[in-house]
Amino acid sequence: MAMLEIQNVDKVYRSRGKAPVHAVRALDMAVKKGEIVALLGSSGCGKTSTLRMIAGFESVTSGAIALSQRRIDELPPAKRKVAMAFEGYSLYPPLTVRENIAFALKAQQLSRSEISRRVEAIARLVEIEDILDSFPRAISGGQQQRVSLARALVRDADLYLLDEPMGQLEPQLRAVLRGRIKGLLAERGMTAIFVTHDQTEASALADRIAVMEDGVLQQFASEKELKNRPANLFVASFIGEPPMNLLETEVAAADGGFRLSVGSDIAFQIPGDTLDHAARQALAQTKRVRIGIRPQKVAVGTGDVRVRVVSNQWLGDQSHVAGECAGHLLIAVTPSRIAARPGDVIPFALEPRHLHIFGADGACIRHAEGG
Ligand SMILES: Nc1ncnc2c1ncn2[C@@H]1O[C@H](COP(=O)(O)OP(=O)(O)O)[C@@H](O)[C@H]1O
Ligand SMILES: [Mg+2]
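Residues numbered from 1 in each chain as written. Chains lettered and ligands numbered in written order. Predicted model: local features only at pLDDT ≥ 70, side-chain atom pairs only at ≥ 80, totals over all residues. Heavy atoms only, no water.

Student: Could you give me a rundown of the side chain of Asp10, with the residues and numbers involved?
Tutor: Mapping Asp10 onto the fold places it in strand β1 (residues 2-13). Buried and unpaired, Asp10 has Arg25 as its nearest opposite-charge partner, separated by 6.3 Å. Within the structure, Asp10 has its side chain in polar contact with the side chain of His22 (distance 2.5 Å). When residues no more than four places from it in sequence are discounted, the contact partners of Asp10 are His22, Val24, Arg25, Ala26, Met53, Val60, Thr61 and Ser62. (Helix = DSSP H or I, 4+ residues; strand = E, 2+ residues; numbered from the N terminus. Buried < 20%, exposed > 50% of the residue type's maximum accessible area, 1.4 Å probe, protein only. Lys, Arg positive; Asp, Glu negative; His and termini not counted. Salt bridge = Lys/Arg side-chain N within 4 Å of Asp/Glu carboxyl O. Polar contact = N/O pair within 3.5 Å; in protein donor to acceptor, adjacent residues only side chain to side chain. Contact = heavy atoms within 4.5 Å.)

As C-alpha coordinates, this is what we get:
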(Lines give C-alpha, C1' and ligand atoms only; values in the text may rest on other atoms or scores of the structure.)
(Ligands and ions follow the chains in the order given, each with its own letter.)
Protein backbone atom coordinates (compact mmCIF):
# COMPACT_ATOMS: atom_id res chain seq x y z
CA MET A 1 0.00 0.00 0.00
CA ALA A 2 1.20 3.50 -0.78
CA MET A 3 2.70 5.53 2.07
CA LEU A 4 2.46 8.79 0.16
CA GLU A 5 -0.12 9.44 -2.49
CA ILE A 6 -0.04 12.57 -4.63
CA GLN A 7 -3.13 12.90 -6.76
CA ASN A 8 -3.48 15.28 -9.67
CA VAL A 9 -1.60 18.08 -7.93
CA ASP A 10 -1.05 21.42 -9.59
CA LYS A 11 0.90 24.42 -8.35
CA VAL A 12 0.44 27.84 -9.86
CA TYR A 13 2.29 30.80 -8.34
CA ARG A 14 0.47 34.07 -8.83
CA SER A 15 2.07 37.33 -7.93
CA ARG A 16 0.69 40.74 -8.69
CA GLY A 17 1.96 42.32 -11.89
CA LYS A 18 3.60 39.09 -13.05
CA ALA A 19 2.50 36.26 -15.31
CA PRO A 20 1.40 33.20 -13.31
CA VAL A 21 3.99 30.39 -13.09
CA HIS A 22 2.62 26.89 -13.53
CA ALA A 23 5.34 25.12 -11.54
CA VAL A 24 3.78 21.64 -11.16
CA ARG A 25 1.22 20.10 -13.50
CA ALA A 26 -1.21 17.23 -12.84
CA LEU A 27 1.28 15.37 -10.66
CA ASP A 28 0.34 11.79 -9.78
CA MET A 29 2.81 9.83 -7.72
CA ALA A 30 2.62 7.05 -5.15
CA VAL A 31 5.56 6.24 -2.88
CA LYS A 32 5.72 2.95 -0.97
CA LYS A 33 6.59 2.58 2.70
CA GLY A 34 10.35 2.31 3.13
CA GLU A 35 11.03 3.45 -0.39
CA ILE A 36 13.77 5.94 -1.28
CA VAL A 37 12.79 8.13 -4.20
CA ALA A 38 14.89 10.62 -6.12
CA LEU A 39 13.26 13.61 -7.74
CA LEU A 40 15.53 14.31 -10.68
CA GLY A 41 15.37 17.21 -13.10
CA SER A 42 16.97 20.43 -14.22
CA SER A 43 16.75 23.70 -12.34
CA GLY A 44 13.27 25.23 -12.27
CA CYS A 45 11.40 22.02 -13.21
CA GLY A 46 9.31 22.04 -10.01
CA LYS A 47 11.24 19.79 -7.59
CA THR A 48 11.33 22.16 -4.62
CA SER A 49 7.70 23.19 -5.18
CA THR A 50 6.69 19.54 -5.03
CA LEU A 51 8.51 18.94 -1.72
CA ARG A 52 7.20 22.15 -0.20
CA MET A 53 3.62 21.20 -1.03
CA ILE A 54 4.10 17.78 0.60
CA ALA A 55 5.64 19.37 3.71
CA GLY A 56 3.00 22.09 3.85
CA PHE A 57 5.11 25.18 3.23
CA GLU A 58 3.22 25.81 -0.01
CA SER A 59 -0.46 25.14 -0.60
CA VAL A 60 -1.55 22.95 -3.49
CA THR A 61 -3.43 24.90 -6.15
CA SER A 62 -5.50 21.80 -6.84
CA GLY A 63 -5.32 18.08 -6.16
CA ALA A 64 -4.79 16.02 -3.01
CA ILE A 65 -1.93 14.62 -0.95
CA ALA A 66 -2.32 11.71 1.49
CA LEU A 67 0.29 10.29 3.87
CA SER A 68 -0.31 7.05 5.76
CA GLN A 69 -3.91 7.01 4.47
CA ARG A 70 -4.51 10.47 5.93
CA ARG A 71 -5.28 13.52 3.81
CA ILE A 72 -2.59 16.06 4.70
CA ASP A 73 -2.75 18.88 2.15
CA GLU A 74 -5.02 20.99 4.37
CA LEU A 75 -2.98 20.39 7.56
CA PRO A 76 -0.38 22.79 8.95
CA PRO A 77 3.24 21.57 8.46
CA ALA A 78 3.68 20.58 12.12
CA LYS A 79 0.74 18.16 11.92
CA ARG A 80 1.92 16.29 8.83
CA LYS A 81 4.63 14.01 10.30
CA VAL A 82 6.95 15.12 7.53
CA ALA A 83 10.58 16.11 8.19
CA MET A 84 12.22 18.31 5.61
CA ALA A 85 15.78 19.47 4.96
CA PHE A 86 15.53 22.71 3.01
CA GLU A 87 17.52 23.76 -0.02
CA GLY A 88 18.56 26.98 1.80
CA TYR A 89 19.10 25.13 5.16
CA SER A 90 16.90 27.53 7.23
CA LEU A 91 18.88 27.08 10.45
CA TYR A 92 17.97 29.19 13.50
CA PRO A 93 20.81 31.73 13.84
CA PRO A 94 20.57 32.25 17.65
CA LEU A 95 20.78 28.51 18.36
CA THR A 96 23.92 26.39 18.33
CA VAL A 97 24.23 23.47 15.95
CA ARG A 98 23.33 21.11 18.82
CA GLU A 99 20.24 23.19 19.70
CA ASN A 100 19.21 23.44 16.06
CA ILE A 101 19.22 19.66 15.72
CA ALA A 102 17.64 19.09 19.15
CA PHE A 103 14.91 21.67 18.50
CA ALA A 104 13.06 19.28 16.22
CA LEU A 105 12.95 16.73 19.07
CA LYS A 106 11.50 19.08 21.70
CA ALA A 107 7.95 18.34 20.60
CA GLN A 108 8.54 14.61 21.00
CA GLN A 109 8.90 14.80 24.82
CA LEU A 110 12.09 12.81 25.06
CA SER A 111 14.40 12.83 28.07
CA ARG A 112 17.46 15.09 27.94
CA SER A 113 19.78 12.14 27.77
CA GLU A 114 17.82 10.56 24.94
CA ILE A 115 17.92 13.87 23.02
CA SER A 116 21.70 14.13 23.51
CA ARG A 117 22.19 10.56 22.45
CA ARG A 118 20.21 11.06 19.24
CA VAL A 119 21.78 14.40 18.37
CA GLU A 120 25.28 13.00 18.84
CA ALA A 121 24.56 9.87 16.82
CA ILE A 122 23.23 11.80 13.82
CA ALA A 123 26.04 14.37 14.14
CA ARG A 124 28.60 11.55 13.90
CA LEU A 125 26.85 10.15 10.86
CA VAL A 126 27.14 13.43 8.92
CA GLU A 127 30.52 14.32 10.46
CA ILE A 128 29.65 17.48 12.37
CA GLU A 129 30.29 16.27 15.94
CA ASP A 130 33.18 18.75 16.29
CA ILE A 131 30.97 21.80 15.60
CA LEU A 132 27.98 20.97 17.81
CA ASP A 133 28.58 24.03 20.01
CA SER A 134 29.15 26.47 17.11
CA PHE A 135 26.57 28.89 15.79
CA PRO A 136 25.38 28.64 12.16
CA ARG A 137 27.11 31.88 11.10
CA ALA A 138 30.47 30.50 12.21
CA ILE A 139 30.41 27.35 10.08
CA SER A 140 30.81 26.77 6.33
CA GLY A 141 27.99 26.27 3.82
CA GLY A 142 28.78 22.58 3.58
CA GLN A 143 28.58 22.26 7.37
CA GLN A 144 25.31 24.19 7.50
CA GLN A 145 23.92 21.84 4.90
CA ARG A 146 24.86 18.82 7.03
CA VAL A 147 23.27 20.41 10.12
CA SER A 148 20.08 20.88 8.13
CA LEU A 149 20.23 17.26 6.99
CA ALA A 150 20.85 16.06 10.57
CA ARG A 151 17.96 18.14 11.86
CA ALA A 152 15.59 16.40 9.45
CA LEU A 153 16.94 12.87 9.87
CA VAL A 154 16.97 13.01 13.69
CA ARG A 155 13.20 13.33 13.86
CA ASP A 156 10.59 10.60 13.98
CA ALA A 157 8.45 11.18 10.91
CA ASP A 158 6.41 9.22 8.39
CA LEU A 159 8.26 10.85 5.51
CA TYR A 160 11.62 12.57 5.01
CA LEU A 161 12.05 15.20 2.31
CA LEU A 162 15.60 16.21 1.47
CA ASP A 163 16.06 19.07 -0.99
CA GLU A 164 19.48 18.79 -2.69
CA PRO A 165 20.86 17.49 0.62
CA MET A 166 24.49 17.19 -0.45
CA GLY A 167 24.86 19.84 -3.14
CA GLN A 168 27.43 21.85 -1.20
CA LEU A 169 29.71 18.97 -0.27
CA GLU A 170 32.91 17.96 -2.00
CA PRO A 171 32.67 14.71 -3.98
CA GLN A 172 34.49 12.43 -1.54
CA LEU A 173 32.44 13.38 1.51
CA ARG A 174 29.34 13.22 -0.64
CA ALA A 175 30.04 9.64 -1.61
CA VAL A 176 30.69 8.66 2.01
CA LEU A 177 27.54 10.35 3.32
CA ARG A 178 25.46 8.92 0.51
CA GLY A 179 26.38 5.42 1.67
CA ARG A 180 25.72 6.18 5.33
CA ILE A 181 22.40 7.90 4.68
CA LYS A 182 21.26 5.02 2.53
CA GLY A 183 22.24 2.66 5.35
CA LEU A 184 20.34 4.72 7.94
CA LEU A 185 17.19 4.96 5.82
CA ALA A 186 17.23 1.24 5.06
CA GLU A 187 17.96 0.18 8.65
CA ARG A 188 15.06 2.21 10.03
CA GLY A 189 12.73 1.56 7.10
CA MET A 190 12.38 5.31 6.56
CA THR A 191 10.45 6.59 3.55
CA ALA A 192 12.25 9.43 1.79
CA ILE A 193 12.17 11.66 -1.24
CA PHE A 194 15.33 13.55 -2.09
CA VAL A 195 15.90 16.11 -4.78
CA THR A 196 18.95 16.05 -6.98
CA HIS A 197 20.04 17.06 -10.44
CA ASP A 198 22.84 14.50 -10.34
CA GLN A 199 22.03 11.21 -12.05
CA THR A 200 24.81 9.33 -10.30
CA GLU A 201 23.47 10.41 -6.92
CA ALA A 202 19.93 9.47 -7.89
CA SER A 203 21.05 6.02 -9.03
CA ALA A 204 23.25 5.44 -5.99
CA LEU A 205 20.64 6.34 -3.38
CA ALA A 206 17.19 5.76 -4.79
CA ASP A 207 15.01 2.71 -5.32
CA ARG A 208 13.03 4.64 -7.93
CA ILE A 209 13.68 7.88 -9.77
CA ALA A 210 11.01 10.42 -10.71
CA VAL A 211 12.17 12.40 -13.73
CA MET A 212 10.59 15.85 -13.95
CA GLU A 213 10.74 18.45 -16.68
CA ASP A 214 8.87 21.71 -16.95
CA GLY A 215 6.52 20.87 -14.06
CA VAL A 216 5.56 17.51 -15.55
CA LEU A 217 6.50 14.08 -14.21
CA GLN A 218 7.98 12.34 -17.25
CA GLN A 219 8.53 8.88 -15.79
CA PHE A 220 8.75 7.31 -12.35
CA ALA A 221 10.70 4.06 -12.41
CA SER A 222 13.89 2.24 -11.43
CA GLU A 223 17.14 3.39 -12.99
CA LYS A 224 17.21 0.24 -15.10
CA GLU A 225 13.70 0.85 -16.40
CA LEU A 226 14.50 4.50 -17.21
CA LYS A 227 17.55 3.37 -19.18
CA ASN A 228 16.01 0.38 -20.92
CA ARG A 229 12.46 1.54 -21.41
CA PRO A 230 12.39 5.36 -21.50
CA ALA A 231 8.78 6.52 -21.78
CA ASN A 232 9.58 9.40 -24.08
CA LEU A 233 12.26 11.36 -25.89
CA PHE A 234 12.96 13.57 -22.89
CA VAL A 235 13.80 10.66 -20.58
CA ALA A 236 15.68 8.89 -23.37
CA SER A 237 18.00 11.84 -23.90
CA PHE A 238 18.20 12.90 -20.24
CA ILE A 239 19.18 9.55 -18.70
CA GLY A 240 22.44 7.88 -19.71
CA GLU A 241 25.96 9.03 -20.44
CA PRO A 242 26.87 9.85 -23.13
CA PRO A 243 23.27 10.61 -24.18
CA MET A 244 21.33 8.32 -26.50
CA ASN A 245 21.97 8.88 -30.23
CA LEU A 246 18.82 10.25 -31.83
CA LEU A 247 18.08 10.30 -35.56
CA GLU A 248 15.11 11.61 -37.50
CA THR A 249 13.97 8.92 -39.95
CA GLU A 250 11.39 8.48 -42.70
CA VAL A 251 8.96 5.61 -42.34
CA ALA A 252 7.76 3.35 -45.17
CA ALA A 253 5.86 0.07 -45.02
CA ALA A 254 8.09 -2.70 -46.41
CA ASP A 255 8.19 -6.50 -46.38
CA GLY A 256 5.49 -6.90 -43.75
CA GLY A 257 7.31 -4.50 -41.45
CA PHE A 258 8.69 -1.00 -41.76
CA ARG A 259 11.72 0.56 -43.32
CA LEU A 260 13.17 3.50 -41.38
CA SER A 261 15.68 5.55 -43.34
CA VAL A 262 17.87 8.60 -42.98
CA GLY A 263 18.37 9.91 -46.53
CA SER A 264 20.08 7.23 -48.59
CA ASP A 265 22.88 6.58 -46.10
CA ILE A 266 21.22 4.74 -43.23
CA ALA A 267 18.30 2.34 -43.35
CA PHE A 268 16.79 -0.17 -40.96
CA GLN A 269 14.28 -2.90 -41.63
CA ILE A 270 12.02 -3.39 -38.59
CA PRO A 271 10.28 -6.78 -38.93
CA GLY A 272 6.52 -6.62 -38.33
CA ASP A 273 6.63 -9.46 -35.81
CA THR A 274 8.88 -7.45 -33.47
CA LEU A 275 6.15 -4.81 -33.09
CA ASP A 276 3.01 -5.00 -31.04
CA HIS A 277 -0.33 -3.95 -32.46
CA ALA A 278 -0.17 -0.39 -31.17
CA ALA A 279 3.37 0.09 -32.51
CA ARG A 280 2.37 -1.25 -35.95
CA GLN A 281 -0.59 1.11 -36.04
CA ALA A 282 1.48 4.08 -34.94
CA LEU A 283 4.12 3.40 -37.60
CA ALA A 284 1.50 2.85 -40.29
CA GLN A 285 0.01 6.27 -39.55
CA THR A 286 3.17 8.34 -39.57
CA LYS A 287 5.77 9.42 -42.09
CA ARG A 288 8.54 10.35 -39.72
CA VAL A 289 9.77 9.04 -36.38
CA ARG A 290 12.76 9.67 -34.18
CA ILE A 291 14.90 6.65 -33.43
CA GLY A 292 17.31 6.31 -30.54
CA ILE A 293 20.22 3.99 -29.92
CA ARG A 294 22.47 3.95 -26.86
CA PRO A 295 26.15 4.65 -27.63
CA GLN A 296 26.99 1.39 -25.82
CA LYS A 297 24.92 -0.52 -28.40
CA VAL A 298 26.73 0.90 -31.44
CA ALA A 299 29.44 -1.52 -32.61
CA VAL A 300 32.59 -0.12 -34.22
CA GLY A 301 34.53 -1.74 -37.07
CA THR A 302 31.64 -3.76 -38.47
CA GLY A 303 28.27 -2.88 -40.01
CA ASP A 304 27.07 -0.94 -43.00
CA VAL A 305 26.84 2.63 -41.69
CA ARG A 306 29.93 4.50 -42.89
CA VAL A 307 30.88 7.36 -40.58
CA ARG A 308 33.60 9.97 -40.83
CA VAL A 309 35.42 10.02 -37.48
CA VAL A 310 35.17 13.36 -35.67
CA SER A 311 36.87 12.34 -32.44
CA ASN A 312 38.19 9.18 -30.83
CA GLN A 313 39.05 9.13 -27.14
CA TRP A 314 40.32 6.27 -24.99
CA LEU A 315 39.14 6.86 -21.42
CA GLY A 316 41.23 4.18 -19.77
CA ASP A 317 38.54 1.52 -19.87
CA GLN A 318 36.46 2.45 -22.90
CA SER A 319 36.62 4.30 -26.22
CA HIS A 320 34.23 7.08 -27.15
CA VAL A 321 34.16 7.40 -30.93
CA ALA A 322 32.14 10.19 -32.53
CA GLY A 323 31.40 9.89 -36.22
CA GLU A 324 29.40 11.91 -38.71
CA CYS A 325 27.00 10.35 -41.18
CA ALA A 326 24.26 11.99 -43.29
CA GLY A 327 24.52 15.17 -41.25
CA HIS A 328 24.07 13.33 -37.95
CA LEU A 329 26.61 12.84 -35.21
CA LEU A 330 26.72 9.29 -33.83
CA ILE A 331 28.57 8.32 -30.67
CA ALA A 332 29.81 4.79 -30.04
CA VAL A 333 31.17 3.53 -26.73
CA THR A 334 33.18 0.30 -26.83
CA PRO A 335 35.37 -1.45 -24.28
CA SER A 336 38.31 -1.78 -26.70
CA ARG A 337 40.81 0.68 -28.11
CA ILE A 338 39.95 1.87 -31.62
CA ALA A 339 42.76 2.85 -34.00
CA ALA A 340 40.78 5.39 -36.07
CA ARG A 341 41.81 9.04 -36.40
CA PRO A 342 39.67 12.09 -37.16
CA GLY A 343 38.83 12.14 -40.87
CA ASP A 344 38.99 8.35 -41.28
CA VAL A 345 35.91 6.64 -42.64
CA ILE A 346 34.99 3.55 -40.60
CA PRO A 347 31.93 1.31 -40.26
CA PHE A 348 29.45 1.49 -37.36
CA ALA A 349 26.84 -1.22 -36.81
CA LEU A 350 23.41 -0.07 -35.66
CA GLU A 351 21.15 -3.07 -35.22
CA PRO A 352 17.38 -2.71 -35.65
CA ARG A 353 16.75 -4.63 -32.41
CA HIS A 354 18.66 -1.97 -30.45
CA LEU A 355 16.47 0.89 -31.67
CA HIS A 356 14.00 2.77 -29.52
CA ILE A 357 11.34 4.39 -31.72
CA PHE A 358 9.58 7.63 -30.75
CA GLY A 359 6.46 9.16 -32.33
CA ALA A 360 5.80 12.79 -33.22
CA ASP A 361 4.54 13.56 -29.70
CA GLY A 362 7.78 12.19 -28.24
CA ALA A 363 6.18 9.11 -26.65
CA CYS A 364 7.98 5.82 -27.14
CA ILE A 365 6.37 3.57 -29.77
CA ARG A 366 8.76 0.65 -29.35
CA HIS A 367 11.63 -0.04 -26.96
CA ALA A 368 14.89 -1.70 -27.88
CA GLU A 369 15.02 -5.44 -27.26
CA GLY A 370 16.46 -6.06 -23.80
CA GLY A 371 17.04 -2.32 -23.31
N1 LIG B 1 7.42 31.54 -4.49
C2 LIG B 1 7.44 31.54 -5.82
N3 LIG B 1 6.81 32.50 -6.54
C4 LIG B 1 6.79 32.50 -7.88
N5 LIG B 1 7.40 31.57 -8.64
C6 LIG B 1 8.06 30.58 -8.00
C7 LIG B 1 8.13 30.51 -6.57
N8 LIG B 1 8.85 29.42 -6.23
C9 LIG B 1 9.23 28.84 -7.39
N10 LIG B 1 8.75 29.52 -8.45
C11 LIG B 1 8.93 29.16 -9.88
O12 LIG B 1 8.39 27.87 -10.07
C13 LIG B 1 9.19 27.10 -10.95
C14 LIG B 1 9.66 25.85 -10.24
O15 LIG B 1 10.53 26.22 -9.20
P16 LIG B 1 11.14 25.17 -8.18
O17 LIG B 1 10.05 24.30 -7.66
O18 LIG B 1 11.95 25.93 -7.18
O19 LIG B 1 12.10 24.30 -9.14
P20 LIG B 1 13.39 23.39 -8.85
O21 LIG B 1 13.44 23.10 -7.38
O22 LIG B 1 13.17 22.17 -9.69
O23 LIG B 1 14.59 24.17 -9.32
C24 LIG B 1 10.32 28.01 -11.40
O25 LIG B 1 9.93 28.60 -12.61
C26 LIG B 1 10.39 29.04 -10.28
O27 LIG B 1 10.88 30.26 -10.75
MG1 LIG C 1 14.93 23.51 -6.03
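Student: Let's hear about the coordination of the magnesium ion (ligand 2): which residues, and what values?
Tutor: Here the magnesium ion (ligand 2) is held by the protein donor atoms Thr48 (OG1) and Glu87 (OE), which lie 2.0 to 2.7 Å from it. Of this pair, Thr48 sits in helix α1 (residues 47-55) while Glu87 is found in the loop between β6 (82-85) and α2 (97-106), placing the two residues 39 residues apart along the sequence. In this structure Thr48 comes out as partly exposed when scored by relative accessible area, which is 23%. (Donors = N, O, S within 2.8 Å, 3.2 Å for Na, K, Ca; no water.)

Student: Break down the environment of Ile346 for me, with residues and values.
Tutor: With respect to the helices and strands, the residue Ile346 is situated in strand β18 (residues 345-349). Counting along the chain gives 44 residues from Ile346 to Thr302, while the straight-line C-alpha distance between them is 8.3 Å. Ignoring any residue separated from it by four or fewer positions in sequence, one finds Ile346 in contact with Val300, Val305, Arg306, Val307, Val309, Val321 and Ala340.

Student: A description of α2 should follow, citing residues and the corresponding values.
Tutor: Buried within α2 we find Val97, Asn100, Ile101, Ala102, Ala104 and Leu105. In this structure, the buried side of α2 is in contact with α3 (112-125) and α4 (141-153).

Student: Residues and numbers for the pattern of salt bridges, please.
Tutor: The final tally for this structure, using the stated rule, is 18 salt bridges. A salt bridge links Lys11 to Glu58, with the nearest nitrogen and oxygen atoms 3.3 Å apart. Here Lys11, found in strand β1, pairs with Glu58, found in the loop between α1 and β4 (62-67); they are 47 residues apart in sequence, far enough to count as distant. The buried category is assigned to Lys11, whose relative accessible area is 5%. A residue is classified by how much of its surface remains accessible, and Glu58, at 22% relative accessible area, is partly exposed. Across the pair Asp133 and Arg98 runs a salt bridge, and its minimum N-O distance is 3.3 Å. Taken together, the residues span a long stretch of sequence, with Asp133 in the loop between α3 and α4 and Arg98 in helix α2 at a distance of 35 residues. Judged by relative accessible area, Arg98 falls into the partly exposed class, the value being 26%. Where salt bridges share partners, they join Glu114, Arg117, Arg118 and Asp156 into one cluster.

Student: Hey, could you go over the side chain of Arg208 for me, with residue numbers and the actual values?
Tutor: Within the fold, Arg208 resides in strand β9 (residues 208-213). For Arg208, a relative accessible area of 17% puts it in the buried group. Reaching out from Arg208, the side chain makes a polar contact with the side chain of Glu35 at a distance of 2.5 Å. Beyond its immediate chain neighbours, meaning those up to four positions away, Arg208 contacts Ala30, Val31, Lys32, Glu35, Ile36, Val37, Ala38, Phe220, Ala221 and Ser222.

Student: Which residues make up the site of ligand 1, and what values do they have?
Tutor: As a matter of local geometry, ligand 1 sits amid Tyr13, Val21, Ala23, Ser42, Ser43, Gly44, Cys45, Gly46, Lys47, Thr48 and Ser49. Gly46 has a polar backbone atom sitting 3.0 Å from an oxygen atom of ligand 1. Within the side chain of Lys47, a nitrogen or oxygen atom sits 2.9 Å from an oxygen atom of ligand 1. In isolation ligand 1 offers 560 Å² of accessible surface; the protein chains occlude 63% of this area. (Near = heavy atom within 4 Å. Areas by Shrake-Rupley, 256 points an atom, 1.4 Å probe, with all protein chains shown as cover.)

Student: So what about the UniProt feature "domain: ABC transporter" (unreviewed entry) in the protein chain? Which residues, and what values?
Tutor: Under the UniProt annotation, the feature "domain: ABC transporter" (unreviewed entry) is placed at residues 4-239. Summarising residues 4-239: 35% helix, 26% strand, and an end-to-end C-alpha distance of 25 Å. (UniProt positions renumbered as here; feature names shortened; annotations may be inferred.)

Student: Help me get a handle on the sheet that holds strand β17 (residues 328-334), residues and values and all.
Tutor: On the basis of which strands lie adjacent, the open sheet formed by four strands has the order β17-β16-β15-β18 and antiparallel pairing. The open sheet has two free edges, formed respectively by β17 and β18, since each of these has just one partner strand. Across the sheet, the mean angle from the axis of one strand to that of its neighbour is 50°, orientation sign disregarded. Looking at chain direction, strand β15 (residues 299-314) and β18 are connected through six bridges and run antiparallel. Counterpart to Val305 in the pairing with β18 is Phe348. (Pairing = 2+ DSSP bridges. Axes fitted to C-alpha atoms, helices over the stretch in contact; angles between N-to-C directions.)

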